[in-house]
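# Fold and geometry: a report
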2 protein chains.
Amino acid sequence: MNNITKFKILKPANEVYEAFVDPYKIKNFWFSSSSERWEQGKVITLEYDLFDAQLNIEIVEIEENRKIVFKWGANGEGHIVRISLNNLDHESTIIEVIEEGFKEDDVDQLLDNKEGWVFMLSCLKGYLEFGVNKLREGLVKE
Amino acid sequence: MNNITKFKILKPANEVYEAFVDPYKIKNFWFSSSSERWEQGKVITLEYDLFDAQLNIEIVEIEENRKIVFKWGANGEGHIVRISLNNLDHESTIIEVIEEGFKEDDVDQLLDNKEGWVFMLSCLKGYLEFGVNKLREGLVKE
């Protein structure tokens, strides 16, 4: 089962794309740091200061301003995430995030995952459209 | 099964409370309009211009600056929603939203509901902390 989340961002696709792949931008809406620019085949280390966490992702496929596919972890076992950007009219972009590989009865994991994607995309919209980069510490986990 | 979502808002509880109960404020982060001030026992009509939708909620229980309990619909059959506000230090509030009454195998309904609450709370945080009231049209439904 896949978890699908879709937002409209009132910015062109290249700005949305750069927010993910440029290691200087990601801290404004998602992870605290990203080890280098995202490129196909690279393993990127992401840090999340708030939870004192660090993890790797592997960039499986990338198409500039259109698509980013990565795998959680670097051991080949994590879920696949597909981020698609659809540039509507040079002023707005539909971003769709699909995380694949859930079992249908993993309800708690699915809900937790959905929470994460909706919140990240809300923060991305706040950052790109309004320059707000402090929404990210809002979510409280049990 | 209950759907639980929790955020920290860097504003005192009375400001968070007023954002819901004051009909002039709700349009900044959630519904387009609310028919009157939320008070115990009242049926409130909420409108959502974006989806050309209108619905009623019944305010079951309310405690100023601390708790709002409502039921979706006015026929007594909708889910119960419990919003709790925990004023941490006069400068920040933990808001917890619990929607009750899901069946565990209603995975799509649970995910849709989780999406709605995370997005509403993100918009509430954007509005109260940063005065951003245009996040709300970001979510795209299939």
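The structure this text deals with has already been given above.
Bear in mind that the values here come from a model prediction, so they are computed numbers and not experimental data.

Reading guide: rules and limits
- Residues numbered from 1 in each chain as written.
- Chains lettered and ligands numbered in written order.
- Predicted model: local features only at pLDDT ≥ 70, side-chain atom pairs only at ≥ 80, totals over all residues.
- Heavy atoms only, no water.
- Contact = heavy atoms within 4.5 Å.
- Buried area = accessible area lost by both parts, 1.4 Å probe.
- Salt bridge = Lys/Arg side-chain N within 4 Å of Asp/Glu carboxyl O.
- Polar contact = N/O pair within 3.5 Å; in protein donor to acceptor, adjacent residues only side chain to side chain.
- Helix = DSSP H or I, 4+ residues; strand = E, 2+ residues; numbered from the N terminus.
- Core = buried A, V, L, I, M, F, W, Y, C linked by side-chain atoms within 4.5 Å.
- Buried < 20%, exposed > 50% of the residue type's maximum accessible area, 1.4 Å probe, protein only.
- Least-squares fit on C-alpha atoms with pLDDT ≥ 70 in both.
- Pairing = 2+ DSSP bridges.
- Axes fitted to C-alpha atoms, helices over the stretch in contact; angles between N-to-C directions.

### Thoughts on the interface of chain A and chain B
Contact with chain A, which involves 29 residues of that partner, is made by 29 residues of chain B. Counting the surface lost from both chain A and chain B, the interface buries some 2,400 Å², and carbon and sulfur atoms represent 74% of this. Taken as a group, K6, L111 and V140 of chain A account for 21% of the area that chain A buries against chain B, more than any other trio of residues on that side. One can count two salt bridges joining chain A with chain B. The salt bridge partner of K114 of chain A is E115 of chain B, with a shortest N-O separation of 2.5 Å. Linking chain A with chain B are four residue pairs in polar contact (both at pLDDT 80 or more), by the criterion used here. Ranked by residues supplied to the side of chain A that touches chain B, first place goes to helix α2 (residues 107–130) of chain A with 12 residues.

### Looking at the nonpolar core
In a soluble, globular protein the nonpolar side chains are often hidden away together inside. Formed by 76 residues in total, the largest nonpolar core has its most connected members in F20 and W38 of chain A together with F20 and W38 of chain B. Excluding anything up to four places from it in sequence, F20 of chain A contacts I26, F29, W30, W38, I68, I83, I95, M120 and L124 of chain A. Core analysis: the next-biggest nonpolar cluster, separate from the first, contains eight residues, L110 and L111 of chain A together with F102 and V107 of chain B among them.

### Concerning the relation of the copies chain A and chain B
Take chain A, turn it by 180°, move it 0.0 Å along the axis, and it overlays chain B with an RMSD of 0.0 Å. Each copy turns onto its partner about a two-fold axis. A shared interface surface links the copies, since 100% of the contact residues of chain A are contact residues in chain B too.

### So, the sheet that holds strand β5 (residues 67–72) of chain A
Residues and elements named next belong to chain A. One open sheet holds the seven strands; their spatial order is β1-β7-β6-β5-β4-β3-β2, and the pairing between them is antiparallel. Only two strands of the sheet have a single neighbouring strand rather than two, namely β1 (3–9) and β2 (33–34). Most of the contacts of α2 go to β1, to which it runs at about 10°, and overall it touches β1, β5, β6 (80–87) and β7 (93–99).

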